[in-house]
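# Residue-level structure breakdown
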Amino acid sequence: MAPQALCRPDWYRGQVMFLDGGLATELERQGADLSGHLWSARLLKENPELIRKTHDSYFQAGADIAISASYQATVEGFQKTGVTAEQSEQLLRFAAIHAWQNAVLNRIRLLRRTNIQSGQASDWRKRAEIDRGRS
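Here's what I pulled together on the structure shown here. (Residues numbered from 1 in each chain as written. Predicted model: local features only at pLDDT ≥ 70, side-chain atom pairs only at ≥ 80, totals over all residues. Heavy atoms only, no water.)

This brings us to the overall build of the protein. Looking only at helices and strands, the protein features seven helices and zero strands. Ordered by position in the sequence, the α and β elements of the protein form the string α-α-α-α-α-α-α. Out of the 135 residues belonging to the protein, those deemed buried represent 33%. The contacts in the protein between residues at least 6 apart in sequence include a share of 69% that link residues at least 24 apart. Looking at the protein as shown, the accessible area adds up to about 8300 Å², and 52% of this sits on carbon and sulfur atoms. (Helix = DSSP H or I, 4+ residues; strand = E, 2+ residues; numbered from the N terminus. Buried < 20%, exposed > 50% of the residue type's maximum accessible area, 1.4 Å probe, protein only. Contact = heavy atoms within 4.5 Å. Areas by Shrake-Rupley, 256 points an atom, 1.4 Å probe, with all protein chains shown as cover.)

Written out as structure tokens, the structure reads:
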């Protein structure tokens with residue numbers, strides 16, 4: 001599925017959307033140490049896989065939207081941990097991209113699962129074409 005199909009401003013129109021839960025709380029529950037000034041943003045550098053797994057668990061529980069782990073993230077904040085300004089900017093971009101990728105992958109899985117359950121296993125590709133404006 002093309003990213004444009006999942007980012008259209010009207011794809012959710014008329015629906016209730018569910019934001020994932022408290023990201024930091026869940027990360028701590030899974031053993032992450034979020035002490036320090038960066039809180040969960042520190043995991044963007046140290047353990048991005050844990051953020052991905054946490055997003056996945058929220059999507060499995062019914063979330064439609066993922067929040068990034070960048071609440072306390074700033075270039076200056078990362079630099080205090082020995083990261084260069086360029087690396088800091090990359091980590092900030094990564095936070096948004098990471099959340100977006102997880103949301104896209106979840107949406108694709110949901111479309112596939114829905115179509116498989118309804119006996120239309122091959123129709124998810126057709127739906128992707130419709131979402132991209134091709135019929």
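Okay, the packing of aromatic side chains next. Evaluation of the coordinates by the stated rule reveals one aromatic pair. With a centroid separation of 5.4 Å and 25° between ring planes, the pair formed by tryptophan 39 and tyrosine 71 is classed as stacked. Here tryptophan 39 is found in the loop between helix H2 (23-29) and helix H3 (42-46), whereas its partner tyrosine 71 is found in the loop between helix H4 (48-60) and helix H5 (75-79), with 32 residues between them in sequence. (Phe/Tyr/Trp six-rings, centres within 6.5 Å; stacked < 30°, edge-to-face > 60°.)

Take the side chain of aspartate 56 next. Within the secondary structure, aspartate 56 is located in helix H4. In this structure, aspartate 56 is in contact with Asn102 and Arg109, ignoring residues within four places of it in sequence.

Before going further, it helps to examine H4. Across its 13 residues, H4 extends 18 Å between first and last C-alpha, which sits within 8% of the 18 Å expected from 1.5 Å per residue. Listed in full, the buried residues belonging to H4 are Leu50, Ile51, Thr54, His55, Asp56, Tyr58 and Phe59. Backbone geometry just after H4 places glycine 62 at a positive phi near 115°. (Expected span 1.5 Å × (residues − 1).)

A word on the environment of glutamate 89. Structurally, glutamate 89 is set in helix H6 (residues 85-117). We classify glutamate 89 as partly exposed; its relative accessible area is 40%. Sequence spacing of glutamate 89 and threonine 74 is 15 residues, and the spatial spacing of their C-alpha atoms is 8.2 Å.

By themselves, these observations are geometric and do not establish any function.
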